[in-house]
Amino acid sequence: SQTIHQWPATLVQPVGSPLSLECTVEGTSNPNLYWYRQAAGRGLQLLFYSVGIGQISSEVPQNLSASRPQDRQFILSSKKLLLSDSGFYLCAWSPRASGNTIYFGEGSWLTVV
Amino acid sequence: AQSVSQHNHHVILSEAASLELGCNYSYGGTVNLFWYVQYPGQHLQLLLKYFSGDPLVKGIKGFEAEFIKSKFSFNLRKPSVQWSDTAEYFCAVNEWGKAAGNKLTFGGGTRVLVKP
């Protein structure tokens, strides 16, 4: 069966420091991969998605970037964190075919201080 | 761009009461519709989904949702809630046939508190 893991689960970082959240998927190949951000009362906002290695699409302008160095690895990064980057970040995957269910990881709480 | 609206941000009810959460979307094409649930301390998980066919969809834990195309709605219902249904519920939509990305657009979520 397929599994998705992301880490770290919680992170407290000072303003201006770099960020790296990592996500891996097991049990499938060539998945679509996603980074979402969940803000209270605002649902989930899609930040990035990827349909293949090295292919990243950004949905909103921001201080973050994403990379997909391997088929089942998706990384969310920042060179310099802002206070406004605090939040709950979710990695997700779906089978390649259109319209399929998206499956979420456990999420990572980021607090920028 | 499509959007998804969930009308209630917070719902408080007692056990055995009936629950209905509203969801409306703004996309005129063919859509896939989802309800996700997030129990306290747990990750998001799929409750039910509609792709085609019978517009009344049955999900896990006694939940169901009805797709009404003319109203652009996909409301979630449960006839009799339990304390364990306390969670945040998210409606989501994606555009059928979009080849790239399979992107979901989420509603703002509804927090449901069931009092024992």
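Criteria and thresholds
- Residues numbered from 1 in each chain as written.
- Chains lettered and ligands numbered in written order.
- Predicted model: local features only at pLDDT ≥ 70, side-chain atom pairs only at ≥ 80, totals over all residues.
- Heavy atoms only, no water.
- Contact = heavy atoms within 4.5 Å.
- Buried area = accessible area lost by both parts, 1.4 Å probe.
- Salt bridge = Lys/Arg side-chain N within 4 Å of Asp/Glu carboxyl O.
- Polar contact = N/O pair within 3.5 Å; in protein donor to acceptor, adjacent residues only side chain to side chain.
- Helix = DSSP H or I, 4+ residues; strand = E, 2+ residues; numbered from the N terminus.
- Nonpolar A, V, L, I, M, F, W, Y, C, P; charged D, E, K, R; others polar.
- Buried < 20%, exposed > 50% of the residue type's maximum accessible area, 1.4 Å probe, protein only.
- Core = buried A, V, L, I, M, F, W, Y, C linked by side-chain atoms within 4.5 Å.

A. Expanded view of the interface of chain A and chain B. Listed per partner, the contact involves 25 residues of chain A and 25 residues of chain B. Across the chain A to chain B interface the summed buried area is about 1,800 Å²; carbon plus sulfur atoms make up 52%. Here chain A is connected to chain B by zero salt bridges. The tally of links between chain A and chain B comes to four residue pairs in polar contact (both at pLDDT 80 or more). Those elements that provide at least two residues to the side of chain A that touches chain B are strand S4 (32-38), strand S5 (44-52) and strand S9 (87-94) of chain A. Tallied by class, the residues present in the side of chain A that touches chain B amount to 12 nonpolar, 10 polar and three charged.

B. How the structure looks around the pattern of salt bridges. All names here are of chain B. Overall, the coordinates contain seven salt bridges over all chains when judged by the stated rule. In this structure, Glu64 and Arg77 form a salt bridge, with 3.4 Å as the shortest nitrogen-oxygen distance. One end of the pair, Glu64, is in strand S8 (residues 64-68); the other, Arg77, is in strand S9 (residues 73-78), with 13 residues separating them in the sequence. You can call Glu64 buried: its relative accessible area is 16%. Between Glu66 and Arg77 there is a salt bridge, with its nearest N and O atoms 3.3 Å apart. Pair noted here: Glu66 is in strand S8 and Arg77 is in strand S9, with a separation of 11 residues, a long-range link. Taking the relative accessible area as the measure of exposure, Glu66 reaches 29% and is therefore partly exposed.

C. Looking closely at the nonpolar core. Core analysis: the biggest nonpolar cluster contains 28 residues, and Trp35(B), Phe74(B), Leu76(B) and Tyr89(B) have the highest contact counts within it. Breaking this core down by element, the ones donating at least two residues are strand S2 (10-14), strand S3 (19-21), strand S5 (31-38), strand S6 (45-50), S8, S9, strand S10 (87-95) and strand S12 (110-115) of chain B. If near-sequence neighbours (up to four positions away) are discounted, Leu76(B) is found in contact with Leu19(B), Glu20(B), Leu21(B), Trp35(B), Leu47(B), Leu48(B), Phe63(B), Glu64(B), Ala65(B) and Tyr89(B). Leu21(A), Ala66(A), Phe74(A) and Val112(A) belong to the second-largest nonpolar core, a separate cluster that totals 20 residues.

D. Structural context of the side chain of Asp85(B). Residues and elements named next belong to chain B. Mapped onto the fold, Asp85 is located in the loop between S9 and S10. Among the polar contacts listed, one links the side chain of Asp85 to the backbone nitrogen of Gln82, at a separation of 2.8 Å. Those residues in contact with Asp85 that sit more than four places away from it in its chain are Tyr39, Phe63, Lys78, Val112 and Val114.

Shape descriptors only; they carry no functional weight alone.
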